[in-house]
Amino acid sequence: MQDDEATRRKLADIGARFLARTIGEIAMLEELLKQLPGNALAGMKQIEMIAHRIRGSGAVFGFQALSNAAESIEMLALQTAGQENIDVEKITPQLLQAIAALSAECAKIDGSLQH
Amino acid sequence: MTIPALKRVLYIDDEPDIREVVELSLGIVGDITVTTSGSGAEALEIIPQFKPDLVLLDVMMPGLDGPATLARMRSDPALAHIPVIFMTAKALPQEVDRFMGLGAVGVIAKPFDPMQLGTRVQQIWRAVIHHKAS
């Protein structure tokens, strides 16, 4: 069995890699948002899945504010589930704001990990 | 009654960082060989070779999701006996009931405490063994 302190250090390392991956996924979310008008239903589902994953994993690493920001994105995407005609013009600024909030949380954590 | 040790666990989740965390977490409680898989489809190929004592299965995954993966296991006589624990953010009582109704032996809520996951999995494993013995 491994010791707790060593485990916590390894968890912190994995958490840092998760953060780096999440920063990359923010660019993906922004790209999906740009492509929404042509592919709203599938695009919204992908946004929901990415946000759901970030939300769950963020909380495991103790990044609660980051997880909450991802949850906002997930909930916005879920609101459109089952809709035949998604109002892309209405939801895009809301999603942009939520993605910006997620980005800000990532930057905060990244900054604190550097010090 | 002597509880046979939990030796081999397969964890299935599309999130690579969580796969690493679970592998690390299960290492805290003992000598468990953990293999991970990024998808239900891949896991169904791994299981016959790896022969896990227990499968931990994420619910929400692209492609074959957790419930669909479990359904495939239960319909295969070679895999049907393997106990499966769902790991999910959707852990409201009615959802837990649904997952147990699908044939899972337990449901672990996400987010989980990595330092406690191994203990929780061991608890469910012991309950499974007791149930089989009675």
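Below or above, wherever it landed, is the structure these notes cover.

The rules we used
- Residues numbered from 1 in each chain as written.
- Chains lettered and ligands numbered in written order.
- Predicted model: local features only at pLDDT ≥ 70, side-chain atom pairs only at ≥ 80, totals over all residues.
- Heavy atoms only, no water.
- Helix = DSSP H or I, 4+ residues; strand = E, 2+ residues; numbered from the N terminus.
- Buried < 20%, exposed > 50% of the residue type's maximum accessible area, 1.4 Å probe, protein only.
- Contact = heavy atoms within 4.5 Å.
- Pairing = 2+ DSSP bridges.
- Right-handed = clockwise from strand over helix to strand, strands pointing away.
- Axes fitted to C-alpha atoms, helices over the stretch in contact; angles between N-to-C directions.

Glancing now at the environment of Ala40 of chain A. Residue and element names in this part refer to chain A. As for its placement among the helices and strands, Ala40 is situated in helix 2 (residues 40–60). The class for Ala40 is buried, based on a relative accessible area of 18%. For the pair Ala40 and Ala81, spaced 41 residues apart in sequence, the C-alpha separation works out to 10 Å. The contacts of Ala40, once residues within four sequence positions are left out, are Ile86 and Val88.

Turning our eyes to something else, we now look at the pairing of strand 3 (residues 54–58) of chain B. Each regular strand carries side chains that alternate between the two faces of the sheet. Residues and elements named next belong to chain B. Most of strand 3 sits out of view: five of its five residues are buried. Side chains Leu54, Leu56 and Asp58 project from strand 3 onto one buried face, and the interleaved Val55 and Leu57 project onto a second face that is buried too. Pairing of strand 3 with strand 4 (residues 84–88) involves four bridges; the strand directions are parallel. Along strand 4, the bridge assignment pairs Leu57 with Phe86. Viewed along the sheet, the connection from strand 3 through helix 3 (residues 66–74) into strand 4 turns out right-handed.

What follows concerns the sheet that holds strand 3 of chain B. Residues and elements named next belong to chain B. Reading across the sheet, the five strands line up as 2-1-3-4-5 and stay open at both edges, with parallel pairing between neighbours. Across the chains shown, the open sheet's two edge strands, defined by having one partner strand only, are strand 2 (33–37) and strand 5 (106–109). Put simply, the sheet's adjacent strands are angled 20° from each other on average, direction ignored. With respect to the sheet, helix 1 (residues 16–29) is in contact with strand 1 (8–12), strand 2 and strand 3, its orientation differing from that of strand 2 by roughly 170°. In the packing of helix 5 (residues 117–133) onto the sheet, the strands contacted are strand 3, strand 4 and strand 5, and the crossing angle to strand 5 comes to about 165°.

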